[in-house]
Amino acid sequence: MASLLQPDRAVYLVRGEKRIRGPLSQLYFCRYCSELRSLECVSHEVDSHYCPSCLENMPSAEAKLKKNRCANCFDCPCCMHTLSTRATNIPAPLPDDPTKTAMKKAYYLACGFCRWTSRDVGMADKSVASGGWQEPENPHTQRINKLIEYYQQLAHREKQERDRKKLARRRQCMPLAFSQHTIHVVEKYGLGTRLQRQRSGAPISSLAGLSLKEGEDQKEISIEPAPALDEVEPLPEDCYTRPISLPEVTTLRQRLLQPDFQPAGASQLHPRHKHLLMKRSLRCRKCEHNLSKPEFNPTSIKFKIQLVAVSYIPEVRIMSIPNLRFMKESQVLLTLTNPVENITHVTLVACEEEDPDDINSTAKVMVPSKELVLAGKDAAAEYDELAEPQDFQDDPDVVAFRKSNKIGFFIKVIPQKEEDVDVTVSFKIRHDFRNLAAPIRTSEEGAETPAEAIWLTHHVELSLGPLAP
């Protein structure tokens, strides 16, 4: 099955911002533009963040403050699996009589996959099951925060300079607009609306950014340059003679998962807060309608809107391929499936010689000239053996079989290149489509008129494999 087990064998061309070829199972269909869409030509919007372990949902602002990590769940620093909280009993002295001990519950983190525990790195057990785990402090935190503040101030100045140049270009004559007193008078006496009507640029509030004294009131943030060292710390004397124990040395992946510490030994590994996942919506950039929108609840895998292409576009699959030989005609059996409930009429057309879409073909293809009629999709008919089949008067030379909403048909292929490359054929598929999302129109008599059918054309490429020896 080309779309299930080998999705790259049958691809459709998406004519968006980028001309992308992809399997139908990975494409979307915009019902308002009546065009195929790929992930490269849609807008991605984040709906919500959630933890994949505890399924806690949080808004984007809170997720940003927590650095996109869950506060309660941890990942194992060795194998990156989720850590679980284990309970145990430890002896603890009584507050009344320190000479006597009593059993007290304590909690620690453990990995059920590699058996790593928080006790391996000396983390103290906790008396409560949630929160409060000891975390190492980054020694460079102060330096990093100062660098972030400095570059934020630098970016703010550059943005002000760009806005100043842009506004000066729009309006060459702006009397007294560069003084704070003028802006105060304009806003105080309500002259902003009139001045805003005369200018077509930014609003009056943005004129405050044009002051020449901007930035003098703000605190200047200065950073010290990092000192360059002429001499580096020498290696220890036993660096080349000391035997190496591989279980005690961290791997490259373990070090890169903790870039602020990059521990060299396994005894320095500490658990990391689990990364959050997100639910995203896809929106068509042309008409700005949603193509995919999941439900907000993180425990649900359903979608409010999911306009996948396999639910609207007839799907071509490869069923059987004979031995292909150079300059010899072969017959390939394909299947065509109708995903909608209406009867669909499909016409196959071979690509012209100077077709700009036909750039990968290595063989000549001859498609059926007759129109193919596909029955509507009926989920109940698949299990109803007594249902009478519809008579479509198929040509046996073209249609090999018909079952429910799927047919098998033949195409003839003649490979044109003898090189060691896969045989690729291209053709156009043209079919009618009724947009059920369009508003229903009523006739003069008051009856509802069905949606008008429009004809869509798609470019399809099939990879039939190498030539037979």
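Each residue is numbered by its place in its chain's sequence as written, counting from 1. Note on the predicted model: pLDDT of at least 70 is required for a residue's local features to be given, and 80 or more for side-chain atom pairs to be given and counted; whole-chain, interface and lining totals, by contrast, use all residues. Note that the side-chain values use all heavy atoms of the structure and ignore hydrogens as well as water.

## What about the overall build of the protein?
Working step 1: When helices and strands are counted, the protein shows five helices and 24 strands.
Working step 2: The cut-offs for exposure are 20% and 50% of the maximum accessible area for each residue type, with area from a 1.4 Å probe on protein chains only; residues under the lower value are buried, those over the upper are exposed, and the others partly exposed. Of all 469 residues assigned to the protein, the portion counted as buried reaches 32%.
Working step 3: Of all intrachain contacts in the protein linking residues separated by at least 6 positions in sequence, the fraction that spans at least 24 positions is 65%. Secondary structure elements are taken from DSSP: a helix is a run of H or I of four residues or more, a strand is a run of E of two residues or more, and numbering for both begins at the N terminus. Contact criterion: two residues are considered in contact whenever any of their non-hydrogen atoms come within 4.5 Å of each other.

## Observations regarding a nonpolar patch on the surface
Working step 1: Only residues above 30% relative accessible area that lack a salt bridge enter a patch, with like-charged residues linked at up to 9 Å and the nonpolar side chains Val, Leu, Ile, Met, Phe, Trp and Tyr linked at up to 5 Å. For every accessible area listed, the method is Shrake-Rupley and the probe measures 1.4 Å; residues are considered covered only by the protein chains on display. Every case where a carboxyl oxygen of Asp or Glu lies within 4 Å of a side-chain nitrogen of Lys or Arg is listed as a salt bridge. Side chains of Ile 244, Leu 246 and Val 249 sit close together on the surface and give an oily, nonpolar patch of about 330 Å² of accessible area.
Working step 2: On the basis of relative accessibility, which here comes to 66%, the residue Leu 246 falls in the exposed class.

## Considerations on the nonpolar core
Working step 1: By nonpolar core we mean a set of buried residues, namely Ala, Val, Leu, Ile, Met, Phe, Trp, Tyr and Cys, connected to one another through side-chain atoms within 4.5 Å. Judged by nonpolar contacts, the single largest core of 48 residues is most densely connected at Tyr 12, Leu 36, Leu 334, Leu 336, Leu 372, Leu 462 and Leu 464.
Working step 2: Membership of the second largest hydrophobic core comes to 11 residues, among which are Tyr 107, Leu 109, Trp 116 and Val 121.

## Observations concerning the sheet that holds strand 24 (residues 453-463)
Working step 1: Taken together, the six strands give an open sheet; going across it, the order is 2-1-24-21-16-18, and neighbouring strands pair in antiparallel fashion. Unpaired on one side and paired on the other, strand 2 (19-22) and strand 18 (372-374) mark the two borders of the sheet. Strand-to-strand twist in this sheet, taken as the mean axis angle between neighbours without regard to direction, amounts to 30°.
Working step 2: Direction of pairing for strand 1 (residues 10-15) relative to strand 2: antiparallel, over a ladder of four bridges. In the strand pairing of strand 2, Leu 13 is matched with Arg 21. Between any two strands, at least two bridges found by DSSP are needed for them to pair. All axes are obtained by fitting lines to C-alpha atoms, using only the stretch in contact for helices, and the reported angles, taken between N-to-C directions, cover 0 to 180 degrees.

## A word on the sheet that holds strand 13 (residues 303-306)
Working step 1: Spatial ordering of the open sheet is given by 6-5-11-12-13, a layout of five strands whose pairing is antiparallel. Two strands lie at the open edges of the sheet, namely strand 6 (57-58) and strand 13, each paired on one side alone.
Working step 2: In this sheet, strand 12 (residues 290-294) lies alongside strand 11 (residues 277-284) in antiparallel orientation, the contact comprising two bridges. Pairing of Arg 283 across the sheet is with Asn 290, part of strand 12.

## Digging into the packing of aromatic side chains
Working step 1: In this analysis, rings of Phe, Tyr and Trp, with Trp reduced to its six-membered ring, are considered paired at centre separations within 6.5 Å, and the interplanar angle assigns stacked below 30 degrees, edge-to-face beyond 60, and tilted for intermediate values. Using the criterion set out here, one finds four aromatic pairs in the structure.
Working step 2: Between Tyr 150 and Tyr 151, the aromatic rings sit 5.4 Å apart at their centres with planes inclined by 75°, giving edge-to-face as the arrangement.
Working step 3: Sitting over the ring of Tyr 108, Arg 119 keeps its end group 4.2 Å from the ring centre. Placement of a charge over a ring requires the Lys NZ or Arg CZ to be within 6 Å of the ring centre, with the centre-to-atom vector within 35 degrees of the ring normal.

## Side note on the pattern of salt bridges
Working step 1: Applying the stated criterion across every chain, the model contains 22 salt bridges.
Working step 2: One salt bridge in this structure joins Glu 62 and Lys 66, with 3.1 Å as the shortest N-O distance.
Working step 3: Its salt-bridge partner being Glu 329, residue Lys 412 comes within 3.8 Å of it at the nearest N-O pair. Of this pair, Lys 412 sits in strand 20 (residues 406-415) while Glu 329 sits in the loop between strand 14 (315-320) and strand 15 (330-337), and the two are 83 residues apart along the sequence.
Working step 4: One salt-bridge network, in which partners are shared between bridges, spans Arg 15, Arg 19, Asp 355, Asp 357 and Lys 428.

## Digging into the pairing of strand 19 (residues 399-403)
Regular strands place their side chains on alternate faces of the sheet.
Working step 1: Here strand 19 pairs with strand 20 via four bridges, running antiparallel. Bridged to Val 399 within strand 20 is Phe 409.
Working step 2: The antiparallel pairing of strand 19 with strand 20 creates a hairpin that spans two residues between the two strands, and Ser 404 there sits at a positive phi of about 55°.

Function cannot be read off these values alone, since they describe shape.
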